[in-house]
Amino acid sequence: MTLLQINIPEPINTLPVCNMSSQVIQVANQRIEDHITSAQPVIHNFVQCDFQLFAQTLSWIIENYLLSGMRFCELGSGFGVATLLASIRGMESIGIEIEPTLVEQSRKLAERLNINSRFFCGSFIPRDITNIDNLSVEVEHVATHEDDIYEEIGLQADDFDLFFAFPWPGEYHFFEAIFESAAADGACLLTYRGRDGMNLVRKT
Ligand SMILES: C[S@@+](CC[C@H](N)C(=O)[O-])C[C@H]1O[C@@H](n2cnc3c(N)ncnc32)[C@H](O)[C@@H]1O
């Protein structure tokens, strides 16, 4: 199995974003700001991605028929905004997040916006990843333990057509290794890479 790079065209950030996605982003940004400025303990591994760029890239992926199905999973979903945006594009969307506070926030946000995404608290790393101890060396911003969360979800990692993650710099390889090991042939992994924008690969 290898990962095939899919080039995302440069002007992706000029694509229009639908009104509903813009509203989700606006409400979510306000909630995140309120949460960060409140007395909550800081969650050091949480940083939000560029939600507008995510919405634009997802539209491009869907409109170019790059997916083999419409099941979406956000690995480390934070406030769950990408998961919500995938739901309003018609995907069956799941967010997996290790921090209970963030899972609670994402569920509240989904309820406020009346979007039927589902959020689960646990580690997105499935059981029986080969070589997990070696893969985890020098990975500092991801909880690297395996979990049974996919049983709770009622779907396995190889049931999803598109995964999304925002890895910290230098930890992209970890997400790609988990994806390569657990996803179905033909599934795609989209990662947000800060200044370098979005990166898309397909398992072939
Ligand atoms: C950089 S944040 C990205 C949040 C969200 N995806 C976004 O783009 O706005 C990474 C998130 O992954 C979560 N996380 C780290 N390890 C995890 C694991 N093994 N399973 C689930 N979530 C994890 C962190 O708590 C954090 O909220």
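Structure: see above.
So, a few notes on the structure that sits alongside this text. (Residues numbered from 1 in each chain as written. Predicted model: local features only at pLDDT ≥ 70, side-chain atom pairs only at ≥ 80, totals over all residues. Heavy atoms only, no water.)

## Description of the state of the cysteines
With the rule as written, the count across this model stands at zero disulfides. Unpaired in this structure, Cys-49 has its nearest cysteine sulfur neighbour in Cys-73, at a distance of 14 Å. Residue class for Cys-49 comes out buried when judged on its relative accessible area of 8%. With no disulfide of its own, Cys-121 lies closest to Cys-73 among cysteine sulfurs, the gap being 14 Å. The class for Cys-121 is partly exposed, based on a relative accessible area of 34%. (Disulfide = S-S within 2.5 Å. Buried < 20%, exposed > 50% of the residue type's maximum accessible area, 1.4 Å probe, protein only.)

## Thoughts on the site of the ligand
What surrounds the ligand is a group of 24 residues, the closest being Glu-74, Gly-76, Glu-97, Ser-123 and Ala-143. Between Glu-97 and the ligand, the recorded distance is 2.6 Å, taken from a side-chain N or O atom to an oxygen atom. Take Ser-123: an N or O atom from its side chain is 3.1 Å from a nitrogen atom of the ligand. Relative to its unbound accessible surface of 600 Å², the ligand loses 97% to contact with the protein. (Near = heavy atom within 4 Å. Polar contact = N/O pair within 3.5 Å; in protein donor to acceptor, adjacent residues only side chain to side chain. Areas by Shrake-Rupley, 256 points an atom, 1.4 Å probe, with all protein chains shown as cover.)

## Section: the packing of helix H1 (residues 19–37) against helix H3 (residues 81–88)
The contact between H1 and H3 brings their axes to 10 Å, and the two run at 160°. By the angle between their axes, H1 is roughly antiparallel relative to H3. The way H1 lies across H3 gives a crossing that is right-handed. In this structure, H1 contributes Met-20, Ser-21, Val-24, Ile-25, Ala-28 and Ile-32 to the contact, and H3 contributes Val-81, Leu-84, Leu-85 and Ile-88. Split into classes, the residues belonging to the contact of H1 with H3 amount to nine nonpolar, one polar and no charged. (Axes fitted to C-alpha atoms, helices over the stretch in contact; angles between N-to-C directions. Helix = DSSP H or I, 4+ residues; strand = E, 2+ residues; numbered from the N terminus. Parallel < 35°, antiparallel > 145°, perpendicular 65-115°, else oblique. Left-handed = near helix turned anticlockwise from the far one by under 90°. Contact = heavy atoms within 4.5 Å. Nonpolar A, V, L, I, M, F, W, Y, C, P; charged D, E, K, R; others polar.)

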